[in-house]
Number of protein chains: 2
Amino acid sequence: MQKPLILIANDDSIAAKGIKTLAEVMSEIGEVVVIAPDTHQSGMGHAITLDRPLRVSKVKDFLPNVEAYKCSGTPADCVKFGKHFVLKGRKIDLVVSGINHGSNSSIAVIYSGTMSAAIEAAIEGIPAVGFSLCDFGAEADFSHTKEYVKNISLKVLENGLPQGVALNVNFPKLSEEPIKGVKICRQTDALFRESFEERKDPYGRAYYWMDGFLQNEDNGGGTDEDALKENYVAIVPVKFDLTDYQAVEKMKSWF
Amino acid sequence: MQKPLILIANDDSIAAKGIKTLAEVMSEIGEVVVIAPDTHQSGMGHAITLDRPLRVSKVKDFLPNVEAYKCSGTPADCVKFGKHFVLKGRKIDLVVSGINHGSNSSIAVIYSGTMSAAIEAAIEGIPAVGFSLCDFGAEADFSHTKEYVKNISLKVLENGLPQGVALNVNFPKLSEEPIKGVKICRQTDALFRESFEERKDPYGRAYYWMDGFLQNEDNGGGTDEDALKENYVAIVPVKFDLTDYQAVEKMKSWF
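All values derive from a computational prediction rather than experimental measurement.

1. As for unusual backbone geometry
Negative phi is the rule for most residues except glycine; trans is the rule for most peptide bonds. Of note, the bond from A:Gly98 into A:Ile99 is cis; its omega dihedral lies within 30 degrees of zero at -15°. By secondary structure assignment, the location of A:Ile99 is in strand β5 (residues 94-101). Here A:Asn231, not a glycine, exhibits a phi torsion of approximately 70°, which is positive. By the secondary structure assignment, A:Asn231 is in the loop between α6 (224-229) and β11 (233-239). Looking at A:Asn231, the relative accessible area reads 6%, which means it is buried. With a phi angle near 65°, B:Asn65 is a residue other than glycine that sits in the positive phi range. Within the fold, B:Asn65 resides in the loop between β3 (56-58) and β4 (67-71). On the accessibility criterion, B:Asn65 (80% relative accessible area) is exposed.

Listed below in structure tokens is the structure:
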């Protein structure tokens, strides 16, 4: 049997530890091509680059037997460019994104560059998974995620995914307690409460740093935040058809 | 009765014709505050700015009786900053975004900065609408949209919106045929087919321009593309809970 062709992207850049870990695991499964932003792109949402051209160049010595490229664009650009230019129309069997340094659970999925790469692939009809670890550190320990990354990827290759769906997979931070297993979840209904810290530059002009925390008042059960808290791997199947079909019916009487 | 407080954002920048049109219409309804990017932010998706601070400054002479600001961040940043800093926690009755120069129907909703501003407001529990015109021109004619922008906004102020929903409103380009009315639609299941044009810079190095067109093979009826083609205003209620609940049930047998 031919090895599956796997495209890898992320949002933490080609230099991140998480994408190297992901490429190592994927090399055990298939033929791997990596294309990732040349700089950090966290919080980029589903941005694409329209107002300037892209630069793309080959990266030497990324990993043995792994073709790797860095791109001046966003995570979604990387998938588009990887599919259309680097792989020149070859059939991609799986797109994986990450492993992100930091959680993309709950509402973070909306702001996530990691997930935009996976969703971009899903739009193209390619089975796709975004992996994230609840640890923002540049030197975060990904060792406990490897077995699950491999297992989940193999299952997706074997079963495919429902049409219009990508997986948002979040791992608990490494702790002394072993991971309990995997839970299929719904997106937690929580939101970021922002604050803005005002500072003055050397010329006396104001600038503002955005900060915030996740305010979670969702007690309905079955959420990705619940699963992570109990030390499970949380998987949310996410879709890119944003239509609220119930609201379509309700609103028909409006006009 | 107190006038409703309306926050306006967009992705085409504070200098765009579309946001001025929107602010003019909203001034007839309520107290208006505008906060928009200082540069063009099309295709920014739901990006937020995490790696650098924001600059915000007041804009003089935007429109009489309209407080206006420009911000160095993304459309989603504008809503966050507007809510938390400019309005200092005052209750906002409505957030409107646009009017975008260019369509945000179908899958474009995913890449849309216009809609990210509306969705950001919906996450905060504020009724929100993104307006877009199917005309990319900087001097696009918005005259036929005004009556509908006002009417839709008044209906949202009157009825509210279902929880977790924002409206994605797209207008046909001005033509000799009058608008036929409003249709509540589902998001068209179509995708952009990209191409990349390779050019060489003066130093002989390659760079790539991304281009593309919407490939629509959705013949199921009831879509926003269908409505626009028939010269209706297309409204899609969109939600930010991306969970595919059917897939959650299906996938529970996986692990």
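Having seen the structure, we can now continue with the description.
2. Some words on the UniProt feature "domain: Survival protein SurE-like phosphatase/nucleotidase" (unreviewed entry) in chain A
UniProt's entry tags residues 6-191 of chain A with the feature "domain: Survival protein SurE-like phosphatase/nucleotidase" (unreviewed entry), counted in the numbering of this structure. The distance from the first to the last C-alpha atom of residues 6-191 of chain A is 33 Å, and the span holds 28% helix and 24% strand.

3. Topic: the side chain of A:Asn170
Residues and elements named next belong to chain A. Following the sequence through the fold, Asn170 ends up in strand β7 (residues 165-171). At 2.8 Å, the side chain of Asn170 forms a polar contact with the backbone nitrogen of Asn104. In this structure, Asn170 is in contact with Ser103, Asn104, Ser105, Ser132, Leu228, Tyr232, Val233 and Ala234, ignoring residues within four places of it in sequence.

4. Re the relation of the copies chain B and chain A
Superposing chain B onto chain A takes a rotation of 180° plus a shift of 0.0 Å along the axis, which leaves an RMSD of 0.0 Å. Such values leave the two copies arranged in the relation of a two-fold axis. Most of the interface of chain B is mirrored in chain A, where 100% of its interface residues again form contacts.

5. Section: the UniProt feature "binding site: a divalent metal cation" (unreviewed entry) in chain A
All names here are of chain A. Within the UniProt annotation, "binding site: a divalent metal cation" (unreviewed entry) is assigned to Asp11, Asp12, Ser42 and Asn100. What stands out for the annotated residues spanning 90 residues is how close their C-alpha atoms remain, the widest pair being 9.1 Å apart. Considering the arrangement of structural elements, one finds Asp11 in the loop between β1 (5-9) and α1 (17-27). Its relative accessible area of 2% is what places Asp11 among the buried residues. Apart from residues lying up to four places away in sequence, Asp11 is in contact with Pro37, Thr39, His40, Gln41, Ser42, Gly43, Pro75, Asn100, Gly113 and Thr114. Here Asn100 is to be found in strand β5. In this view, Asn100 contacts Asp11, Asp12, Thr114, Phe131, Ser132, Leu133 and Phe142; residues no more than four positions away in its chain are not counted.

6. Examining the interface of chain B and chain A
Contacts between chain B and chain A engage 76 residues on the former and 76 residues on the latter. Both faces combined, the contact of chain B with chain A buries some 6900 Å², and carbon together with sulfur accounts for 68% of it. When the buried area of chain B at its contact with chain A is split by residue, B:Leu242, B:Trp254 and B:Phe255 rank highest and sum to 11% of it. Across the chain B-chain A interface, the total number found is six salt bridges. A salt bridge links B:Asp201 to A:Arg55; the shortest N-O distance between them is 2.9 Å. Inspection of the chain B/chain A interface yields 30 residue pairs in polar contact (both at pLDDT 80 or more). Across the side of chain B that touches chain A, the residue classes break down as 44 nonpolar, eleven polar and 21 charged.

Definitions and cut-offs
Residues numbered from 1 in each chain as written. Chains lettered and ligands numbered in written order. Predicted model: local features only at pLDDT ≥ 70, side-chain atom pairs only at ≥ 80, totals over all residues. Heavy atoms only, no water. Helix = DSSP H or I, 4+ residues; strand = E, 2+ residues; numbered from the N terminus. Buried < 20%, exposed > 50% of the residue type's maximum accessible area, 1.4 Å probe, protein only. UniProt positions renumbered as here; feature names shortened; annotations may be inferred. Polar contact = N/O pair within 3.5 Å; in protein donor to acceptor, adjacent residues only side chain to side chain. Contact = heavy atoms within 4.5 Å. Least-squares fit on C-alpha atoms with pLDDT ≥ 70 in both. Buried area = accessible area lost by both parts, 1.4 Å probe. Salt bridge = Lys/Arg side-chain N within 4 Å of Asp/Glu carboxyl O. Nonpolar A, V, L, I, M, F, W, Y, C, P; charged D, E, K, R; others polar.

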